Amino acid sequence: MRISALIPAVLAASTLATFAAGPALATPCAEEIATLERRLDSAGAEKVTGKEPPGGPTSSHSDKALAQPPAGKPSDPSVQPSASGVKEARDLVQKAKTEEKAGNADGCRDTIMKAKEKAGALP
């Protein structure tokens, strides 16, 4: 069998594998969305809103996570979290998901930045 006869089959297989793996790859905005969703479903967000998230509070399970929130208040009053800010952040996360699915990476990033600002510094 000649090698030149195998080339089209190899190219077709590699192209198919590339397209099959494409949707499974996470975009930077999708990763930001997932990170912010974990923050909004955390015990700290529950403390601010007084409501337990639908699936129960989550944990980052990170070695870098603090066992307890830092004592004191944020030095910048504009980052003080509020229940309404957390709700607005959740709404903005949903908008960012729609933008991400539509392929609007810039809009998604802008919306996630606004959502982070609205969430504030959660305990």
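Our structure's up above, just so we're on the same page.
As a starting point, this report considers the structure included with it. (Residues numbered from 1 in each chain as written. Predicted model: local features only at pLDDT ≥ 70, side-chain atom pairs only at ≥ 80, totals over all residues. Heavy atoms only, no water.)

Focus: the overall build of the chain
Selection criterion: The helix count covers DSSP runs of H or I at least four residues long, the strand count covers runs of E at least two residues long, and both are numbered beginning at the N terminus. Each residue gets one of three labels from its accessible area relative to the maximum for its type: buried under 20%, exposed over 50%, partly exposed in between, using a 1.4 Å probe on protein chains only. We call two residues contacting when some pair of their heavy atoms lies within 4.5 Å. Surface accessibility follows the Shrake-Rupley procedure with a 1.4 Å probe radius. Residue values consider only the protein chains on display as shielding.
Each helix and strand counted, the chain has five helices and zero strands in total. If you list the helices and strands of the chain from N to C, you get α-α-α-α-α. The buried share among the 123 residues of the chain stands at 20%. Taking the contacts inside the chain whose residues are at least 6 apart along the sequence as the reference set, 67% of them involve residues at least 24 apart. Only carbon and sulfur atoms are counted for the fraction: they give 59% of the accessible area of the chain, which is about 8,900 Å².

Some words on the nonpolar core
Using the following cut-off: The definition of a nonpolar core used throughout is a set of buried Ala, Val, Leu, Ile, Met, Phe, Trp, Tyr and Cys residues joined through side-chain atoms within 4.5 Å.
Counting residues in each nonpolar core, the largest one holds 15 residues, and the members touching the most others are I33, L36, L40, V93, I112 and A115. Sorting the residues of this core by element identifies α2 (28-40), α4 (83-101) and α5 (105-119) as the ones contributing at least two each. In contact with A115, other than residues within four places in its own chain, are L36, A89, L92 and V93.

Some points on the pattern of salt bridges
Threshold: Salt bridge, as used here, is a side-chain nitrogen of Lys or Arg placed within 4 Å of a carboxyl oxygen of Asp or Glu.
In this structure the tally under the stated criterion is six salt bridges. Across the pair K97 and E37 runs a salt bridge whose closest N-O atoms are separated by 2.6 Å. In this pair, K97 sits in helix α4 while E37 sits in helix α2, placing the two residues 60 residues apart along the sequence. Overall, K97 belongs to the partly exposed group, its relative accessible area being 27%. The salt bridge involving D106 is made with R109; its shortest N-O contact spans 2.2 Å. Note that D106 and R109 are positioned in helix α5 at a spacing of three residues, about one turn of the helix. Taking relative accessible area as the criterion, R109 reaches 43% and is therefore assigned partly exposed.

A short note on the environment of G44
On the secondary structure map, G44 appears in helix α3 (residues 43-49). As a C-alpha pair, G44 and P81 span 37 residues in sequence and 9.7 Å in three-dimensional space.

Regarding the environment of K97
Basically, it comes down to this: By the criterion applied in these results, polar contacts are pairs of N or O atoms within 3.5 Å in which, for protein atoms, one can donate a hydrogen and the other can accept it, and in which residues neighboring in sequence qualify only through two side-chain atoms.
Residues K97 and A34, spaced 63 residues apart in sequence, show a C-alpha to C-alpha distance of 9.8 Å. The contact partners of K97, leaving out residues within four places of it in the chain, are I33 and E37. Of the polar contacts made by the side chain of K97, one reaches the side chain of E37; its length is 2.6 Å.

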